[in-house]
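Listed below are the residues making up each chain.
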Amino acid sequence: MAEETKCACGTANVGIFACSGASNVGQIANKIAVELTKQEVGKMMCTVGIGGRIGGRIGGLMKSAEGSERLIAIDGCPLNCTKETLELAGFTPDRHIVISELGIKKNKDLDLKDEEIKEAMDKVKEILQSE
């Protein structure tokens, strides 16, 4: 996953929020958010902290999200926990990606398959580069 991804988002100030749910696709979403952060596509932020409104409207986590020019939500499955969490806190993601819609079947196996991670990452790159 060392290949650099360029986001066609038009800004470097991108907040990346991901699912880290108890399924393969939730964990793949999280791994992709980490990799996108390493590649400097944006900065991974804490979805759970947003859900908990840590620090209130003026706290660090909420303020960081508010200060982002664009928000990317990466969910594992159609429950859309990440997107819903952001929306309940008053944020609208500019881009919403669902890993299970990229051809990865959801299951409870947390021993992730490298080929599934690579397949999902390649598709996420395509989505972000096509914006």
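In what follows, the structure referred to is the one given above.
Just so it is clear, the structure is predicted and the values come from calculations on it, not from any experiment.

### Brief notes about helix H1 (residues 24-38)
Line of reasoning, step 1. The end-to-end C-alpha distance of H1 is 21 Å, a good match for the 21 Å that 15 residues give at a rise of 1.5 Å each.
Line of reasoning, step 2. The set of residues buried in H1 consists of Asn 24, Val 25, Gly 26, Ile 28, Ala 29, Ile 32, Ala 33, Glu 35 and Leu 36.
Line of reasoning, step 3. Turning to H1, the residues buried within the fold contact strand S1 (14-18), strand S2 (43-44), strand S3 (70-75) and helix H5 (114-129).
Line of reasoning, step 4. A positive phi of about 60° marks Glu 40, the residue just after H1.

### What about the pairing of S1?
Line of reasoning, step 1. Counted residue by residue, S1 has 5 buried out of 5 residues, so it is predominantly covered.
Line of reasoning, step 2. Judged by which residues are buried, S1 turns out to be covered on both faces: Val 14, Ile 16 and Ala 18 on one side and Gly 15 and Phe 17 on the other are all buried.
Line of reasoning, step 3. In this sheet, S3 lies alongside S1 in parallel orientation, the contact comprising 5 bridges. Note that in S3 the partner of Val 14 across the bridge is Arg 70.
Line of reasoning, step 4. Relative to S2, S1 is paired through 2 bridges, and the arrangement is parallel. Opposite Gly 15, over in S2, you have Lys 43 as the bridge partner.
Line of reasoning, step 5. Chirality of the crossover, the property in question, places the unit of S1, H1 and S2 among those that are right-handed.

### Describing the nonpolar core
Line of reasoning, step 1. Counting residues in hydrophobic clusters, the biggest one holds 24 residues, and the most contacted among them are Ile 28, Ile 32, Leu 36, Ile 74, Ile 99, Val 124 and Leu 128.
Line of reasoning, step 2. Elements that contribute at least two residues to this core include exactly S1, H1, S3 and H5.
Line of reasoning, step 3. Ignoring anything within four residues of it in the chain, the contact list for Ile 28 reads Ile 99, Ile 104, Leu 112, Glu 116, Ile 117 and Ala 120.
Line of reasoning, step 4. Counting 10 residues, the second-largest nonpolar core is a separate cluster that includes Met 62, Ala 65, Leu 71 and Phe 91.

### Considerations on the pattern of salt bridges
A side chain with one charge may pair with a side chain of the opposite charge, provided their charged atoms come close.
Line of reasoning, step 1. Per the stated rule, a full pass over the model turns up 4 salt bridges.
Line of reasoning, step 2. With a shortest N-O distance of 2.7 Å, Lys 118 and Asp 122 are connected by a salt bridge. With Lys 118 and Asp 122 both in helix H5 and 4 residues apart, this pair spans about one turn of that helix.
Line of reasoning, step 3. Residue classification places Asp 122 among the partly exposed residues on the basis of a relative accessible area of 30%.

### A look at the sheet that holds strand S4 (residues 95-98)
Line of reasoning, step 1. Ordered by their spatial adjacency, 4 strands build an open sheet running S2-S1-S3-S4, and the pairing between neighbours is parallel. Edge strands, defined here as strands with exactly one partner in the open sheet, are S2 and S4.
Line of reasoning, step 2. Contacts between H5 and the sheet are confined to S3 and S4, with S4 contributing the most and set at about 160° to the helix.

### Topic: unusual backbone geometry
Line of reasoning, step 1. Of note in the backbone geometry, Glu 40 takes a positive phi value of approximately 60° without being a glycine.
Line of reasoning, step 2. Even without being glycine, Asn 80 reaches a positive phi, approximately 55°.
Line of reasoning, step 3. Mapped onto the elements of the fold, Asn 80 is located in the loop between S3 and helix H4 (81-88).

Definitions and limits used
Residues numbered from 1 in each chain as written. Predicted model: local features only at pLDDT ≥ 70, side-chain atom pairs only at ≥ 80, totals over all residues. Heavy atoms only, no water. Helix = DSSP H or I, 4+ residues; strand = E, 2+ residues; numbered from the N terminus. Expected span 1.5 Å × (residues − 1). Buried < 20%, exposed > 50% of the residue type's maximum accessible area, 1.4 Å probe, protein only. Contact = heavy atoms within 4.5 Å. Pairing = 2+ DSSP bridges. Right-handed = clockwise from strand over helix to strand, strands pointing away. Core = buried A, V, L, I, M, F, W, Y, C linked by side-chain atoms within 4.5 Å. Salt bridge = Lys/Arg side-chain N within 4 Å of Asp/Glu carboxyl O. Axes fitted to C-alpha atoms, helices over the stretch in contact; angles between N-to-C directions.

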